[in-house]
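Remarks on the overall topology
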Amino acid sequence: MKNIVVLVSGSGTNLQRIINCVDTGEIPDANISKVIADRECFGLERAKKHGIPTQVIPRGKTFSEELKEILPENTDLIILAGFLSILNKEFCESFPGKIINIHPALLPKFGGKGMWGHHVHEAVLAAAEKESGATVHYVTSSIDEGEIILQKSFEISEGESLESLQKKNYETEFEIFPKAINKVLNFPL
Ligand code: GRF
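Here's what I pulled together on the structure shown here. Fair warning: this is a prediction, and the values are worked out from it, not measured in the lab. (Residues numbered from 1 in each chain as written. Predicted model: local features only at pLDDT ≥ 70, side-chain atom pairs only at ≥ 80, totals over all residues. Heavy atoms only, no water.)

Some remarks on the nonpolar core
Val6, Ile18, Ile79, Ile100, Phe177 and Ile181 are the most contacted members of the largest nonpolar core, which totals 32 residues. Those elements that provide at least two residues to this core are strand 1 (2-8), helix 1 (13-24), strand 2 (30-37), helix 2 (42-49), strand 4 (77-80), strand 5 (99-103), strand 6 (131-138) and helix 6 (162-186). With six residues, the top contributor of residues to this core is helix 6. In contact with isoleucine 18, not counting residues within four places along its chain, are Ile27, Ile32, Ile79, Ala81, Phe177 and Ile181. Counting residues in each nonpolar core, the second largest holds 16 residues, with Leu7, Phe63, Leu71 and Ile99 among its members. (Core = buried A, V, L, I, M, F, W, Y, C linked by side-chain atoms within 4.5 Å. Buried < 20%, exposed > 50% of the residue type's maximum accessible area, 1.4 Å probe, protein only. Helix = DSSP H or I, 4+ residues; strand = E, 2+ residues; numbered from the N terminus. Contact = heavy atoms within 4.5 Å.)

Spelled out as structure tokens, the structure:
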């Protein structure tokens, strides 16, 4: 049984997808041992509803150190699912190949500081891109720059709205996230 810890900052839509996949066996032989947030958020409610232990470490300079202290020792994978704090270099280097993130665009495009959630989709629309997509990648201390694990694109229609782009993105994320998680759990770096 592999032990997963999920980090969230927001609505936890992707966390819910992971919870469901663990329940149905789409992510087999895995257990979500803890959900940790850097602020109060709906993701925590989703975890509690499923009986998953939760903890809040307020965002700030010492977040990475505090996280390291409370991380269950048997953790096989740390998943960032809509998580907004930056983990420091020391933390990332302590868990090589064991931290992954999902990003709502086709990295290396539309990544980096300030590029999260709706900001990404707004930038994609402003740039009149013909396609966008989702990316799951390893986490390093350089924002959105770790090695790509899985990526999938979709077309942007003419007159695409922010809402419809978000919907397409979630559908794509829901598809690739469990696949990427299984890949990392079964074939670690
Ligand atoms: C997702 O689109 C994900 O790519 C990004 O955060 C967004 C919101 O996540 N990292 P969620 O709704 O809290 O799952």
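From this point, things continue past the structure.
Remarks on the layout of surface pockets
Which parts of space are left empty comes out when a probe the size of a water molecule is rolled across the atoms. What the largest pocket holds in volume is close to 960 Å³. Lining the largest pocket are 41 residues, and of these Gly82, Phe83, Leu84, Trp116 and Gly117 lie nearest its centre. At the level of secondary structure, the elements contributing two or more residues to the lining of the largest pocket comprise helix 1, strand 5, helix 5 (117-126) and helix 6. Residue contributions to the lining of the largest pocket peak at four residues, all from helix 6. Looking at the lining of the largest pocket residue by residue, the classes come out as 14 nonpolar, 22 polar and five charged. The greatest single-element share of the lining of the second largest pocket, amounting to three residues, is contributed by helix 4 (residues 89-94). The residue makeup of the lining of the second largest pocket, split by class, is seven nonpolar, three polar and four charged. (1 Å grid on protein atoms, 1.4 Å probe; cavity = no way out; pocket = protein on both sides within 12 Å on 5 of 7 lines; lining within 4 Å. Points joined across faces, edges and corners; volume = space filled by probe spheres on them. Nonpolar A, V, L, I, M, F, W, Y, C, P; charged D, E, K, R; others polar.)

So, the sheet that holds strand 5
In space, the seven strands of this open sheet follow the order 3-2-1-4-5-6-7, with mixed pairing throughout. Both edges of this open sheet fall to strand 3 (54-56) and strand 7 (148-155), since each of them pairs with a single strand only. The mean inter-strand angle of the sheet, taken between neighbouring strand axes irrespective of direction, is 20°. Here strand 1 pairs with strand 4 via four bridges, running parallel. Of the residues in strand 4, the one forming a bridge with isoleucine 4 is leucine 77. (Pairing = 2+ DSSP bridges. Axes fitted to C-alpha atoms, helices over the stretch in contact; angles between N-to-C directions.)

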